[in-house]
Amino acid sequence: ITGADGSYRFRTIMPVPYPGRTPHIHVKVLAFEQRLTTQFYIEGHAQNERDWLYGRMSRAEQRAVGMRFAAGKAGPEAKVDIVL
């Protein structure tokens, strides 16, 4: 659910690697009766370049789906912008 200004928040666990994939978070956005499905990755994670999907993206695409975590009040936080 978004705010009147389009802002949104969600809480999840920090992703960890699993066999064959770098850590990432799956996201689905429904807007204007269209669905966007994507994944966000931890920027600079050592396994990113070995991930089959991440490795197929251009550097610009990788930057667009990268999360930079920083210390927050309740633990690590990342800000990502979803542009439709």
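Criteria and cut-off values
- Residues numbered from 1 in each chain as written.
- Predicted model: local features only at pLDDT ≥ 70, side-chain atom pairs only at ≥ 80, totals over all residues.
- Heavy atoms only, no water.
- Pairing = 2+ DSSP bridges.
- Helix = DSSP H or I, 4+ residues; strand = E, 2+ residues; numbered from the N terminus.
- Phe/Tyr/Trp six-rings, centres within 6.5 Å; stacked < 30°, edge-to-face > 60°.
- Buried < 20%, exposed > 50% of the residue type's maximum accessible area, 1.4 Å probe, protein only.
- 1 Å grid on protein atoms, 1.4 Å probe; cavity = no way out; pocket = protein on both sides within 12 Å on 5 of 7 lines; lining within 4 Å.
- Points joined across faces, edges and corners; volume = space filled by probe spheres on them.
- Nonpolar A, V, L, I, M, F, W, Y, C, P; charged D, E, K, R; others polar.

Chemist: Help me get a handle on the pairing of strand β2 (residues 34–42), residues and values and all.
Modeler: Looking at chain direction, strand β1 (residues 24–31) and β2 are connected through 8 bridges and run antiparallel. In the strand pairing of β2, valine 29 is matched with leucine 36. Between β1 and β2, which pair antiparallel and follow one another directly, the connecting turn spans 2 residues, one of which, phenylalanine 32, has a positive phi of 55 degrees. Strand direction decides the pairing type here: β2 and strand β3 (residues 66–67), joined by 2 bridges, are parallel. Bridge pairing in β3 links isoleucine 42 to methionine 67.

Chemist: So what's going on with the packing of aromatic side chains? Which residues, and what values?
Modeler: By the definition in use, this model includes 2 aromatic pairs. Centre to centre, the rings of tyrosine 41 and tyrosine 54 are 5.0 Å apart; their planes meet at 65 degrees, and the pair counts as edge-to-face. Residue tyrosine 41 is found in strand β2, and its partner tyrosine 54 is found in the loop between β2 and α1 (59–64); the two are separated by 13 residues along the sequence. For the pair formed by tyrosine 41 and tyrosine 54, the shared burial category is buried.

Chemist: Outline the layout of surface pockets, supporting the account with residue identities and numerical values.
Modeler: The calculated volume of the largest pocket comes to roughly 790 Å³. Along the wall of the largest pocket there are 20 residues; nearest its centre are Arg9, Phe10, Arg11, Glu77 and Ala78. Among the elements that take part in the lining of the largest pocket, strand β5 (residues 75–78) stands out by supplying 4 residues, more than any other. Considering only residue class, the lining of the largest pocket consists of 12 nonpolar, 3 polar and 5 charged.

Geometric descriptors of this kind do not, in isolation, establish any biological role.
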